[in-house]
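The residues making up each chain are set out below.
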Amino acid sequence: MTQPAHDAAHAARRPPYAYDFDTPVDRRGTWCTQWDYVEDRFGAPDLLPFTISDMDFETAPEVLTALRSRLDHGVLGYSRWRQEDFLSAIAHWYATRHATEVDTGSIVYGPSVIYQLSVLLGLWSRPGDGVVTHTPTYDAFPRTVAAAGRELRGCPPHDWARLAELLALPDTSVLLLCSPHNPTGHVWTARELDRMAELCERHGVAVISDEIHSDLAHPPHVHRPWVRHARAGRWAVLTSASKSFNIPALTGSYGIIGDTASRDAYLHRLKEADGLSSPAVLSLVGHIAAYRRGAPWLDALRAYVAGNLAMVAERLDEAFPQLGWRPPQAGYLAWIDLGPLGVDDDALQKELIEVEKVAIMPGGTYGAPGMLRLNVGCPREKAEAGVRALVNALRRLTGA
C-alpha cells in the first residue's frame, strides 16, 4: 500500500471525537520550549519536534473558559492555595478518578513537582545518602538528586533482587518512584506497589512518588496512587494537572504528605525559607476547572493519544517487525528499543536532524543508549510525519 493510501485508510478508521485534536495549533513564536528552542538541544533550528513532554493540543475548553472568566475580573493579586475550592477539587478528582479518599489536610502546594522533590530530599536524607530510582529515568531526577548532594542509585524496573539490595544499604534514605514510569510508560500493579511498600517499611526508607502522569494510564491499565499502598514511615505523592491537561506554563503542583511533622517542615521551607507560598492564581483556577469539569475532555484526549500510539505500532511493525514494539501502558511518549536493529545512536540522530529535519529524544538522555523517546501528544498528521521520518532514517541506516 502506498503511503498516501495507507494514511487515508488509517484516517478512515478514526473514531469520532467530541473535541478537536486533529487541527494543528501553531506554537511557533510563543516562547515554546519544544518548538522555538529546539536548536538549544539538537543544534539545528526549524526541526519538527517530538521532544519535551508537553502536548501540542489546546487545553480543555472547560479550563480555558474558567481562565478567561478569571482574567475578566481584572485583578490579579496575591492568592491562597489553602482554601476549600482548590482542596476539595483535588479530593473530588481522587475520589472520582482514582477511587481513592484523600484527607485534604494532608495536601500541600508547590510551584513544581521538582521543587517539592528537592525540599523533601533535604528533609528526608543527608548529604551523601543514596536515593534509589528505577532506570531508565526521567532526566530531571539525576540532576535534582545530584544538586542536593545525594547519590542516585538505579535499578531496572523489575529487578526485585537488586531493588531489595539497594534499599537495604544503610545509607539509602529514599525511594524515588515514578508512577506511572517515565520514560517507559509502565503502570505499576497493586502487587508491585505493595512489594515496594513492604521493602521500604522493612528498611526504613522514605518514599517520594512522582505521579504526574497518573491521569494518562490507558485502559485496561489502572493507576494506583501511593496513598493506597503507603505504610508507616515517611511518604509523599507529588503531582499536578499540568501533564494531563497540558497546562505546565501555568506552573503549580501539589503534594500529599503522610505525616504531620514532615508537612509542617515542608510548609516552613516553602513559606519562610523560600517565600513561595503564594500560588499563581491561574494555576489554581486551571486545576479546579480541570478536576471539576475536565474529565470528558481527558477521556477523549486519552483515546486520541491511544490512536496515535496504535498508529506508531502499526508503522513500526510493517517496517521493522523484529522490534516487536507495543504501545506504553500510560502516556503519550513512545519508548522504542532499537537494539534489534543495531543502529548507532549518533548516526541515527544525524540522519534524523540533518536529513529528516526532525527532533526526537535519544535514549541516552534517560540513561538508556539504543532507545528513543518519541512524543506523539500531537495531531495525528504530525505523529505520522514523525514515524515516517524515523522509519526512513532507520531504513537508510540498516539498508532495509
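This text gives an overview of the structure that appears in the document.

### Here we look at the overall build of the chain
Turning to step 1, where the next piece is worked out: Each helix and strand counted, the chain has 14 helices and eleven strands in total.
Turning to step 2, where the next piece is worked out: Against the compact-globule benchmark of 21 Å for 400 residues, the chain has a radius of gyration of 21 Å, which places it among compact chains.
Turning to step 3, where the next piece is worked out: Summing over all exposed atoms, the chain offers an accessible surface of approximately 17,000 Å²; the carbon and sulfur share of this is 52%.
Turning to step 4, where the next piece is worked out: Between the mean site of the 39 positive side-chain charges and the mean site of the 47 negative ones, the chain shows a separation of 3 Å.

### Let's talk about the sheet that holds strand S9 (residues 333-337)
Turning to step 1, where the next piece is worked out: The sheet built from four strands is open, its strands ordered S1-S10-S11-S9 with mixed pairing. The open sheet has two free edges, formed respectively by strand S1 (48-50) and S9, since each of these has just one partner strand. The mean angle between the axes of side-by-side strands here comes to 30°, regardless of whether they run parallel or antiparallel.
Turning to step 2, where the next piece is worked out: As judged from the two bridges shared by strand S10 (residues 358-362) and strand S11 (residues 371-375), these two strands associate in the antiparallel manner. Bridge assignment links Pro362 to a residue of S11, and that residue is Leu372.

### A word on the packing of aromatic side chains
Turning to step 1, where the next piece is worked out: In this structure the tally under the stated criterion is 13 aromatic pairs.
Turning to step 2, where the next piece is worked out: Ring geometry for Tyr115 and Tyr266: centres 6.4 Å apart, planes at 70°, overall edge-to-face. Of this pair, Tyr115 sits in helix H6 (residues 113-124) while Tyr266 sits in helix H10 (residues 260-273), and the two are 151 residues apart along the sequence.
Turning to step 3, where the next piece is worked out: Take Tyr115: its relative accessible area is 13%, and that puts it in the buried class.
Turning to step 4, where the next piece is worked out: A residue is classified by how much of its surface remains accessible, and Tyr266, at 0% relative accessible area, is buried.
Turning to step 5, where the next piece is worked out: Taken together, the ring pairs connect Tyr19, Phe21, Phe57, Phe86, Trp93, Phe245, Tyr254, Tyr291, Trp297 and Tyr304 into an aromatic cluster.
Turning to step 6, where the next piece is worked out: Above the ring of Tyr304, the side-chain terminus of Arg380 is found at 4.5 Å from the ring centroid.

### Thoughts on unusual backbone geometry
Turning to step 1, where the next piece is worked out: The omega angle of the peptide bond from Thr135 to Pro136 is 5°, so this bond is cis rather than trans.
Turning to step 2, where the next piece is worked out: As for its placement among the helices and strands, Pro136 is situated in the loop between strand S3 (130-134) and helix H7 (140-147).
Turning to step 3, where the next piece is worked out: Of note, Trp31 is a non-glycine position whose phi angle comes to about 60°, a positive value.
Turning to step 4, where the next piece is worked out: Along the chain, Trp31 falls in the loop between helix H1 (3-12) and helix H2 (33-36).
Turning to step 5, where the next piece is worked out: In this structure, Asn246 takes a positive phi of about 55° despite not being glycine.
Turning to step 6, where the next piece is worked out: Secondary-structure assignment places Asn246 in the loop between strand S7 (235-239) and strand S8 (253-257).
Turning to step 7, where the next piece is worked out: Among the residues examined, Asn246 registers a relative accessible area of 15% and is labelled buried.

### Comments concerning the environment of Ala89
Turning to step 1, where the next piece is worked out: Note that Ala89 resides in helix H5 (residues 84-98).
Turning to step 2, where the next piece is worked out: Residue Ala89 is classed as buried on the basis of its relative accessible area of 1%.
Turning to step 3, where the next piece is worked out: Along the chain, Ala89 and Asp40 lie 49 residues apart, while their C-alpha atoms are 38 Å from each other.
Turning to step 4, where the next piece is worked out: Other than its neighbours up to four places away in sequence, Ala89 contacts Glu84, Ile288, Tyr291 and Arg292.

### What to know about the side chain of Ser106
Turning to step 1, where the next piece is worked out: Counting through the fold element by element, Ser106 comes out in the loop between H5 and strand S2 (107-110).
Turning to step 2, where the next piece is worked out: Among the residues examined, Ser106 registers a relative accessible area of 8% and is labelled buried.
Turning to step 3, where the next piece is worked out: Polar side-chain contacts of Ser106 include one of 2.6 Å to the backbone oxygen of Asp103.
Turning to step 4, where the next piece is worked out: Sequence-distant contacts of Ser106, that is, excluding residues within four places in its chain, are made with Gly255, Ile256, Ile257 and Arg263.

Procedures and definitions
- Residues numbered from 1 in each chain as written.
- Predicted model: local features only at pLDDT ≥ 70, side-chain atom pairs only at ≥ 80, totals over all residues.
- Heavy atoms only, no water.
- Helix = DSSP H or I, 4+ residues; strand = E, 2+ residues; numbered from the N terminus.
- Rg over C-alpha atoms; globule rule 2.2 N^0.38 Å.
- Areas by Shrake-Rupley, 256 points an atom, 1.4 Å probe, with all protein chains shown as cover.
- Lys, Arg positive; Asp, Glu negative; His and termini not counted.
- Charge placed at Lys NZ, Arg CZ, Asp CG, Glu CD.
- Pairing = 2+ DSSP bridges.
- Axes fitted to C-alpha atoms, helices over the stretch in contact; angles between N-to-C directions.
- Phe/Tyr/Trp six-rings, centres within 6.5 Å; stacked < 30°, edge-to-face > 60°.
- Buried < 20%, exposed > 50% of the residue type's maximum accessible area, 1.4 Å probe, protein only.
- Lys NZ or Arg CZ within 6 Å of the ring centre and 35° of its normal.
- Contact = heavy atoms within 4.5 Å.
- Polar contact = N/O pair within 3.5 Å; in protein donor to acceptor, adjacent residues only side chain to side chain.

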